[in-house]
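Results of the structural survey
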Amino acid sequence: MGEILCLKSVSLTYQAENGEVEALKDINFTVNEGEIISIIGPSGCGKTTLLSLISGLESPTSGEVRVGGHVVKGVTDKIGYMLQKDNLLDWRTIRSNTLLGLEIRKMLCNATVDYADDLLKTYGLWEFRNMRPSQLSGGMRQRAALIRTLAAKPGLLLLDESFSALDYQTRLAVTDDVYGIIKRVKIPAILVTHDISDGISMADRLIVLTKRPASISRDIKIEFSRSEIMSPLQRRNDPLFREYFNLIWKELDVHE
């Protein structure tokens, strides 16, 4: 598999009121084609900051971030970023919301609109295309937000706590939905989450960060006997799931 993302000796120090703060220290990892990577760490360790560096919203103090072999030097269309809230605009229809990213990037044309429409049809939202976001369930709204992100055909998808605003039952269903979509379109993804179970259920690899300044404590390959055909919900019911959970729980040292 080809390498999509490479972080090489990435560190970040920023200026605060009480002096310099070292947020990230010597981060090294890669993401290959088709991989889903979960990143877990203690609260406030810099998980979202790491996504900001990858997306080009911030620049590292040292080291480099490469996407598709090119050093990231600002925001790029090659990366799709999905936030915790769906941020759908209620005065626009669902279809119009899915086209918003294309409008902003000045990418609207027959081909991109057709692709967005195909995504709506494939993932069960076409019949709701003329409805407003407030008329849809939280899970359907999140699916629409993902389609909006994928419509621009990014080469890498970043998800920042994208399920945490949902209730538990809805989150289980949405993780299945999102996982299935990501795997079908074959886009590599990085999922930042505070939820160990979400991280294990979706990941091909799981990266554990230390307390600030965050460095990589473990890079764990997540393997189940039928990984290629198992949904996140099915993974949760596999005996190996508990073993991974206990390993990561101890690695996080949550009792401190």
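Residues numbered from 1 in each chain as written. Predicted model: local features only at pLDDT ≥ 70, side-chain atom pairs only at ≥ 80, totals over all residues. Heavy atoms only, no water.

**Points about the pattern of salt bridges**
What the rule picks out here adds up to 13 salt bridges. Glutamate 35 serves as the salt-bridge partner of arginine 205, at 3.1 Å between the closest nitrogen and oxygen. Here glutamate 35 lies in the loop between strand 2 (19-32) and strand 3 (36-40) and arginine 205 lies in strand 9 (residues 205-209), a separation of 170 residues in the sequence. Take arginine 205: its relative accessible area is 10%, and that puts it in the buried class. With a closest N to O distance of 3.4 Å, glutamate 251 and arginine 218 form a salt bridge. With glutamate 251 in helix 9 (residues 239-252) and arginine 218 in strand 10 (residues 216-221), this pair connects stretches of sequence that are 33 residues apart. For glutamate 251, a relative accessible area of 26% corresponds to the partly exposed category. Through salt bridges that share partners, Arg171, Asp195, Asp198 and Arg236 make up one connected network. (Salt bridge = Lys/Arg side-chain N within 4 Å of Asp/Glu carboxyl O. Helix = DSSP H or I, 4+ residues; strand = E, 2+ residues; numbered from the N terminus. Buried < 20%, exposed > 50% of the residue type's maximum accessible area, 1.4 Å probe, protein only.)

**As for the domain arrangement of the chain**
Structurally, the chain comprises domain 1 (1-78 + 156-162 + 169-256) and domain 2 (83-153). In this structure, domain 1 and domain 2 have C-alpha centres spaced 25 Å apart. Of the residues lining the interface, 13 residues belong to domain 1; the matching set on domain 2 comes to 12 residues. Here domain 1 packs against domain 2, burying approximately 1,200 Å² in sum over the two surfaces, 66% of which is carbon and sulfur. For the interface between domain 1 and domain 2, the tally reads two salt bridges. Between arginine 105 and aspartate 77 there is a salt bridge, with its nearest N and O atoms 3.7 Å apart. The tally of links from domain 1 across to domain 2 stands at two residue pairs in polar contact (both at pLDDT 80 or more). Looking at the side of domain 1 that touches domain 2, the elements with two or more residues in it are strand 7 (156-160) and helix 6 (168-185). Within the side of domain 1 that touches domain 2, the residues separate by chemical class into six nonpolar, two polar and five charged. (Domains from an automatic or database assignment. Contact = heavy atoms within 4.5 Å. Buried area = accessible area lost by both parts, 1.4 Å probe. Polar contact = N/O pair within 3.5 Å; in protein donor to acceptor, adjacent residues only side chain to side chain. Nonpolar A, V, L, I, M, F, W, Y, C, P; charged D, E, K, R; others polar.)

**Comments concerning the sheet that holds strand 9**
With respect to topology, six strands assemble into an open sheet ordered 6-7-8-3-9-10, the strand pairing being mixed. Because the sheet does not close on itself, it has two edges, and the strands there are strand 6 (79-82) and strand 10. In this sheet, neighbouring strand axes are inclined to one another by 15° on average, regardless of whether the strands run parallel or antiparallel. The strands touched by helix 1 (residues 47-55) are strand 3, strand 6, strand 7, strand 8 (189-192) and strand 9; relative to strand 7, the strand with the most contacts, the crossing angle is about 155°. (Pairing = 2+ DSSP bridges. Axes fitted to C-alpha atoms, helices over the stretch in contact; angles between N-to-C directions.)

**Concerning unusual backbone geometry**
A negative phi angle is the norm for most residues apart from glycine, just as the trans form is the norm for most peptide bonds. In this model, arginine 212 is joined to proline 213 through a cis peptide bond whose omega is 0°. Residue position: proline 213 is located in the loop between strand 9 and strand 10. Even without being a glycine, lysine 153 presents a positive backbone phi close to 55°. Its place among the elements puts lysine 153 in the loop between helix 5 (138-150) and strand 7.

**Digging into the packing of helix 5 against helix 6**
Where helix 5 meets helix 6, the axes come as close as 10 Å, and the angle between the chain directions of the two elements is 25°. Judged on the interaxial angle alone, helix 6 and helix 5 are roughly parallel. Seen along the crossing, helix 5 lies across helix 6 with a hand that is right-handed. Contacts between helix 5 and helix 6 involve Gly139, Gln142, Arg143, Leu146 and Leu150 from the former and Thr170, Val174, Asp177, Val178, Ile181 and Val185 from the latter. Classifying every residue of the contact of helix 5 with helix 6 gives six nonpolar, three polar and two charged. (Parallel < 35°, antiparallel > 145°, perpendicular 65-115°, else oblique. Left-handed = near helix turned anticlockwise from the far one by under 90°.)

**Some thoughts on helix 6**
What sets the pattern is the α-helix's 3.6 residues per turn: residues three or four places apart point alike. Its 18 residues give helix 6 an end-to-end C-alpha distance of 26 Å, which sits within 8% of 26 Å, the value for a rise of 1.5 Å per residue. For helix 6, the complete set of buried residues consists of Arg171, Leu172, Val174, Thr175, Val178, Tyr179, Gly180, Ile181 and Ile182. The opening residue of helix 6 is aspartate 167, an N-cap whose side-chain oxygen sits 3.2 Å from the backbone nitrogen of glutamine 169. Taken from the residues just after helix 6, lysine 186 is the one with a positive phi, measuring 60°. (Expected span 1.5 Å × (residues − 1).)

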